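# Topology and contacts: notes
Residue-level listing of the chains:
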Amino acid sequence: MPKDYYETLGVKKDSSKEEIKKSFHKMAHKYHPDKNKGDDKKFKEVNEAYQTLSDDQKRSQYDRFGSAGPQGFGGGSTGGGFGGFDFSGAQGGMEFDMGDLGDIFGDLFGGGGGRRQKVKKGRDIQTEIDLSFEESVFGVERKISITKQSACDTCSGTGAKSGTKMNTCKTCDGAGQVREIQRSILGSFQSVKTCEICMGSGKVPTDKCSDCKGSGVRKKTEEINIKIPSGMNKGEMVRMTGGGEAIQGGQVGDLYIKVNIKSHSLYKRDGSNLTMDLNIKLSEAILGMIYNLKTLEGNIIEVKIPEGINHNDHLRVRGYGVPVGHDRGDIIIHILVKMPTKLSRKSKDAIEKLKEEGL
């Protein structure tokens, strides 16, 4: 019975090569026989379909003649001994894309024995810190207490009882790594993993540390000095490399500190600038005034409000905003002119005179 390769891969007949490749990856992951709930038959069907549709010449012939056409698609022409992967055309100009399978095998076997073993790392941890508005702008140093898994003080993280001898690990023969044989459709692969007995050190203690029971780590509360840089925004994270949890034979994890910022009574932040609203009277808008502005540092500077300023106008006070490198942003003053709701007879007469003058 003719096979519908497009249906097998779940793609349309006008699908691009990239779409076909993407669908093949997805189904190969799903049906791989070495995975849980894999399906060897389905996997071979998916591969057979992909070998045809990924090759322009074979796809063209398949579209014309179907799976029972001149090339014998689906008729058992795939190379034997390789779980259905077709290497038979390699001598005839066919280019088999091993990159397509590399991603799959990398996920299944962790990259195989040819890749460098990753160093084990302790768990990353997260905490939060509350800052005043000023501290978020200028930065601050704080000490915080964190309870976490840390290197055992008694054995300095070795897991050995003080004064005892360290022996070569028999499991890995001192290498710190062990090799495992992994089977796949292409044969057997060797994968390398950290030895779980010595945790990668290649040594095991004669007697274990009584405090950490040989694990090399203990849960304890530590006081950590953290430096919050200037210009932090609400919700941003500060990363402290090596501030996380320890693990025997590996690197210490990282500490992530989420920043919460309290609001300010006068200022808001807009990038490197500070913004504020300034309510002034109608007479002050007409005649101008001097406003005593209090900066974030607590200094008072005089700001001249010019005559005839309009409602919603902005004034810029340069160099008193958020530090950015060696520079600083500005303070942006948003002018709000408060209109009077009631006028005395004297005020009305004065305004009438202004009206007569065309103002």
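Nothing here was measured: the structure is a model prediction, and the numbers come from that model.

What counts and how
Residues numbered from 1 in each chain as written. Predicted model: local features only at pLDDT ≥ 70, side-chain atom pairs only at ≥ 80, totals over all residues. Heavy atoms only, no water. Salt bridge = Lys/Arg side-chain N within 4 Å of Asp/Glu carboxyl O. Helix = DSSP H or I, 4+ residues; strand = E, 2+ residues; numbered from the N terminus. Buried < 20%, exposed > 50% of the residue type's maximum accessible area, 1.4 Å probe, protein only. Core = buried A, V, L, I, M, F, W, Y, C linked by side-chain atoms within 4.5 Å. Contact = heavy atoms within 4.5 Å. Pairing = 2+ DSSP bridges. Axes fitted to C-alpha atoms, helices over the stretch in contact; angles between N-to-C directions. Parallel < 35°, antiparallel > 145°, perpendicular 65-115°, else oblique. Nonpolar A, V, L, I, M, F, W, Y, C, P; charged D, E, K, R; others polar.

## Observations regarding the pattern of salt bridges
- Counted under the stated rule, the structure contains eleven salt bridges.
- Residues Arg345 and Asp349 are paired through a salt bridge, measuring 4.0 Å at the closest nitrogen-oxygen approach. On the criterion of helical spacing, the pair formed by Arg345 and Asp349 is a turn pair, its members being four residues apart in helix H8 (residues 345-356).
- For Arg345, a relative accessible area of 59% gives the class exposed.
- Among the charged side chains, a salt-bridge network with shared partners connects Lys121, Asp124, Arg239 and Asp254.

## Let's talk about the nonpolar core
- If you look at the biggest cluster of nonpolar residues, it comprises 37 residues, and the most contacted ones within it are Leu293, Ile305, Ile333 and Ile335.
- If near-sequence neighbours (up to four positions away) are discounted, Ile335 is found in contact with Leu278, Ile280, Ile305, Ile309, Asn310, His311, Asn312, Asp313 and Leu315.
- By size, the runner-up hydrophobic cluster in this structure holds 15 residues, among which are Tyr5, Ala49, Tyr50 and Tyr62.

## Details of the pairing of strand E17 (residues 331-338)
- In terms of burial, E17 is a largely internal element, seven of the eight residues being buried.
- Bridging between strand E11 (residues 273-281) and E17 involves eight bridges; their strand directions are parallel. Across the sheet, residue Thr275 finds its bridge partner in E17, namely Ile332.
- Where strand E14 (residues 314-317) and E17 come together, four bridges link them in antiparallel fashion. Bridge pairing in E17 places His314 opposite His334.

## Some words on the packing of helix H3 (residues 40-53) against helix H4 (residues 56-65)
- Interaxial distance between H3 and H4 falls to 6 Å at its minimum, and their mutual angle equals 100°. Of the possible angle classes, the one that applies to H3 and H4 is roughly perpendicular. Residues Gln51, Thr52 and Leu53 of H3 form the contact with H4, whose participating residues are Lys58, Arg59 and Tyr62.
- The residue inventory of the contact of H3 with H4, partitioned by class, reads two nonpolar, two polar and two charged.

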